[in-house]
Protein chains: 2
Amino acid sequence: LDSLDTELIAANAAFYDAFNRRDVAGMEALWASGPSIACVHPGWRAQLGRDEVMKSWRAILANPDAPKVRWSEETVHLHGDAAFVICLEELGGDTLVATNFFVREGASWKLVHHHAGPTRRRSSRAPSRPAPGDLN
Amino acid sequence: LDSLDTELIAANAAFYDAFNRRDVAGMEALWASGPSIACVHPGWRAQLGRDEVMKSWRAILANPDAPKVRWSEETVHLHGDAAFVICLEELGGDTLVATNFFVREGASWKLVHHHAGPTRRRSSRAPSRPAPGDLN
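Definitions and cut-offs
Residues numbered from 1 in each chain as written. Chains lettered and ligands numbered in written order. Predicted model: local features only at pLDDT ≥ 70, side-chain atom pairs only at ≥ 80, totals over all residues. Heavy atoms only, no water. Pairing = 2+ DSSP bridges. Helix = DSSP H or I, 4+ residues; strand = E, 2+ residues; numbered from the N terminus. Contact = heavy atoms within 4.5 Å. Axes fitted to C-alpha atoms, helices over the stretch in contact; angles between N-to-C directions. Expected span 1.5 Å × (residues − 1). Buried < 20%, exposed > 50% of the residue type's maximum accessible area, 1.4 Å probe, protein only. Polar contact = N/O pair within 3.5 Å; in protein donor to acceptor, adjacent residues only side chain to side chain.

Turning our eyes to something else, we now look at the sheet that holds strand β5 (residues 94-105) of chain A. Residue and element names in this part refer to chain A. Taken together, six strands build an open sheet; the order of strands is β2-β1-β6-β5-β4-β3 and the sheet is mixed. In this open sheet, the two strands that pair with only one neighbour each are β2 (47-48) and β3 (70-79). Here strand β1 (residues 38-40) pairs with β2 via two bridges, running antiparallel. Bridging from a neighbouring strand, A38 pairs with L48 of β2. Against the sheet, helix α1 (residues 3-20) touches β3, β4 (82-91), β5 and β6 (108-118), its axis set at about 140° to β3.

In structure tokens form, the structure reads like this:
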């Protein structure tokens, strides 16, 4: 891994660490300050803008029954001063796939988007022929 | 909408137009040339790199039973030379939420990532208190 990959793997880990610690202040610090942030929690509509995104995280992190997440299989996709990290999330018996989108803000990488949803369990990455309902 | 927003709304529409036309060559032209692209089709594992991503699109676009997609509620989130568009997708009776990531490549915006998954139907964006299985 080169140093930028390492930075992004660490930024991605900090996000899940804040989630697992129920650390609202830590979570807020990880997200970019601008208005163009968004978040798609599994099955939810998109939360748009910092106010909605942070409101959703406060609700989630306040839930005492929330399971902890284990993340794995991170891949870093760097595009200049923007990057996204894809990884698996396992929580509460579910396996999800997440995309976490970061932009450089000063010396650090800040989250501007998180999109998580269901995925297949430990099957191969290579798709079989998709079923009609399994498209796009 | 300013002109960059308009460009990104058009790039996003071109993606769905290529999908609806089953236009493999058009789809290939819309994606960035570099290796750092990825795609998460609903319920699939992530496809990583141009070869895997294009293989998945060829499989999907070859399916004669594939329903057409209607997209709506686009929001543009601009971050320098990168941007993402969030929108709803309706196809085959399902409602999905998609994030489409673009980067500037020469004069155009090229796709570097697509992540789509299930969402709630026409409910409010504002989350109710999440159920324990409905987190992150």
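Residue and element names in this part refer to chain A. Between its first and last C-alpha atoms α1 spans 25 Å; for 18 residues at 1.5 Å apiece the expected length is 26 Å, and the two agree. Along α1, the positions that sit buried rather than exposed are D5, L8, A11, N12, A13, F15, Y16, A18, F19 and N20. In this structure, the buried side of α1 is in contact with α2 (24-30), α3 (49-61), β3, β4, β5 and β6. The positive-phi residue at the C-terminal boundary of α1 is R22, with phi of around 55°.

Moving on: the sheet that holds strand β1 (residues 38-40) of chain B. Within a sheet, adjacent strands bond to each other through the backbone by hydrogen bonds, running parallel or antiparallel. All names here are of chain B. Judged by pairing direction, the sheet is mixed, and its six strands sit side by side in the order β2-β1-β6-β5-β4-β3 without closing on themselves. Of all the strands in the sheet, the pair left with one neighbour each is β2 (47-48) and β3 (70-79). Where strand β5 (residues 94-105) meets strand β6 (residues 108-118), ten bridges bridge the pair, whose relative direction is antiparallel. Bridge assignment links V97 to a residue of β6, and that residue is G117. Contacting β3, β4 (82-91), β5 and β6, helix α1 (residues 3-21) runs over the sheet at an angle of about 140° to β3.

Residue and element names in this part refer to chain B. Within the fold, S56 resides in helix α3 (residues 49-61). Note: C-alpha distance between S56 and C39 (17 residues apart in sequence) is 8.7 Å. Separated by 2.8 Å, the side chains of S56 and H41 make a polar contact. Separated by 2.6 Å, the side chain of S56 and the backbone oxygen of V53 make a polar contact.

For the rest of this paragraph, the subject is the side chain of Q47 of chain A. Within the element layout of this structure, Q47 of chain A appears in strand β2. Within polar-contact distance, the side chain of Q47 of chain A engages the backbone oxygen of R45 of chain A at 3.2 Å.

That is the geometry; function is a separate question.
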